[in-house]
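Remarks on the overall topology
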Amino acid sequence: MHAKSTHRSLLVVGSVALDDIDGPFGLHRDLLGGSASFIARAAAYFTRDVAVVGVVGDDFPKQHLDDLSAVGVDVTGVEHAPGETFHWVGRYSDDLSSRETLDTRLGVFASFQPKVAPRHREASLVFLGNIDPVLQLDVLEQTHGPLLVAADTMNFWIGGKRAELLRTLARVNTLLVNDEEARQLAEEHNLRKAAARILTMGPSSVVIKRGDAGALLFTGEGVFGVPALPLSDVRDPTGAGDSFAGGFMGYLAYAGDLAPDTIRTAMITGSVMASFAVEKFSVDGLRGLTTAAIQERFDAFSELTRFGSVRL
Ligand code: AMP
């Protein structure tokens, strides 16, 4: 899926993390996590031109960056700093339907000053992965006129750095958040109203991810919805949202345009990549996927939502 001449480059800033995940499948420590890790891996199936800006500490296994390079991701923008890598500790409920954050240790992210290398400043697509909104804006200010700026965020920043987040959002075209985050950001429970409020904060489109209830795209024109594929094996939902974002952005880079139908297909691509991510821990569900396996999931989505036209 790499052979299109119109393809665009994608710059991703986000966390590169070590995660401890507890849940019905036991406690797993020091897994590779972080928004950028999932986004870049998922996007790399659709474009060869993905670069990551981030930071890791001296406890970070080099192998993880080698693995990302091996799938074509440019990791030269991942800085190595003395100290602990960003570490997130989360626990899932027995049915995996909810999770709580037990600990967030910013480590090297606390003093991170992102530097975007000259060759990455012209990226046509920029994704501001979940990270301190001040750092998101800092990266954005170093880029030159991207065609699309998309961003994610989470409760940690909506609650802790709201004013900074609003400043970043004013510069974002597409916001991708989950339903709880949308409600918290908009201070509105109804999702349609929450999306309408977010559309007044800067973005012209909002993607609301709803876990196994699928995802919704809101724009000034209306709403488009995608279900989630019912899966028989779900082990670790961590990174589902980021894998969605990676598939979404990767497809936009691959397609080379931002037409409404392209964005709809990007919503499906995001859902396809999220469906792979949740089947295994860490980024393992995104490793070694064949074009045929990805195509098969697209077809499964198409079958899931196919119905004849209704004439009453
Ligand atoms: P998701 O399941 O898509 O929401 O993403 C989970 C990933 O986000 C995990 O791998 C964490 O390392 C990372 N993460 C959790 N909290 C934060 C945070 N406050 N800032 C940046 N990344 C985070």
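In this report, we go over the structure that sits alongside the text. As the structure is a prediction and not an experimental result, all values here were calculated from the model.

1. Concerning the sheet that holds strand β3 (residues 28–33)
Taken together, the 4 strands give an open sheet; going across it, the order is β3-β2-β6-β7, and neighbouring strands pair in mixed fashion. Unpaired on one side and paired on the other, β3 and β7 (99–105) mark the two borders of the sheet. Taking each pair of neighbouring strands and ignoring which way they run, the sheet shows an average axis angle of 25 degrees. Note: strand β2 (residues 17–22) against β3, 4 bridges, orientation antiparallel. Residue pairing across strands places Leu18 opposite Leu32, the latter belonging to β3.

2. Side note on the packing of aromatic side chains
According to the stated counting rule, one finds 5 aromatic pairs in the structure shown. With a centroid separation of 4.7 Å and 90 degrees between ring planes, the pair formed by Phe156 and Trp157 is classed as edge-to-face. You can call Phe156 partly exposed: its relative accessible area is 38%. On the accessibility criterion, Trp157 (7% relative accessible area) is buried. Between Tyr251 and Tyr254, the ring centres sit 5.7 Å apart and the planes meet at 50 degrees, which makes this aromatic pair tilted. Of the two residues, Tyr251 and Tyr254 both sit in helix α8 (residues 240–255), 3 residues apart, roughly one turn of that helix. Under the relative-accessibility criterion, Tyr251 is labelled buried at 16%.

3. A few points about the side chain of Thr153
Along the chain, Thr153 falls in the loop between β9 (148–152) and α4 (155–160). Contact partners of Thr153, with chain neighbours within four places excluded, come to Asn130, Ile158, Leu165, Leu176, Val177 and Glu181.

4. What about the site of the ligand?
The full set close to the ligand counts 19 residues, and Ser15, Asp19, Gly34, Gly239 and Asp242 are the nearest of them. Here an oxygen atom of the ligand and a side-chain polar atom of Asp19 are 2.5 Å apart. For the ligand, a nitrogen atom lies 3.3 Å from a polar atom in the side chain of Trp157. Computed on the free molecule, the ligand has an accessible area of 510 Å², of which 94% lies beneath the protein chains in the complex. For the shell around the ligand, the leading source of residues is α8, giving 3 residues. A per-class count over the shell around the ligand returns 9 nonpolar, 7 polar and 3 charged.

Procedures and definitions
- Residues numbered from 1 in each chain as written.
- Predicted model: local features only at pLDDT ≥ 70, side-chain atom pairs only at ≥ 80, totals over all residues.
- Heavy atoms only, no water.
- Pairing = 2+ DSSP bridges.
- Helix = DSSP H or I, 4+ residues; strand = E, 2+ residues; numbered from the N terminus.
- Axes fitted to C-alpha atoms, helices over the stretch in contact; angles between N-to-C directions.
- Phe/Tyr/Trp six-rings, centres within 6.5 Å; stacked < 30°, edge-to-face > 60°.
- Buried < 20%, exposed > 50% of the residue type's maximum accessible area, 1.4 Å probe, protein only.
- Contact = heavy atoms within 4.5 Å.
- Near = heavy atom within 4 Å.
- Polar contact = N/O pair within 3.5 Å; in protein donor to acceptor, adjacent residues only side chain to side chain.
- Areas by Shrake-Rupley, 256 points an atom, 1.4 Å probe, with all protein chains shown as cover.
- Nonpolar A, V, L, I, M, F, W, Y, C, P; charged D, E, K, R; others polar.

Just distances and angles here, no functional claims.
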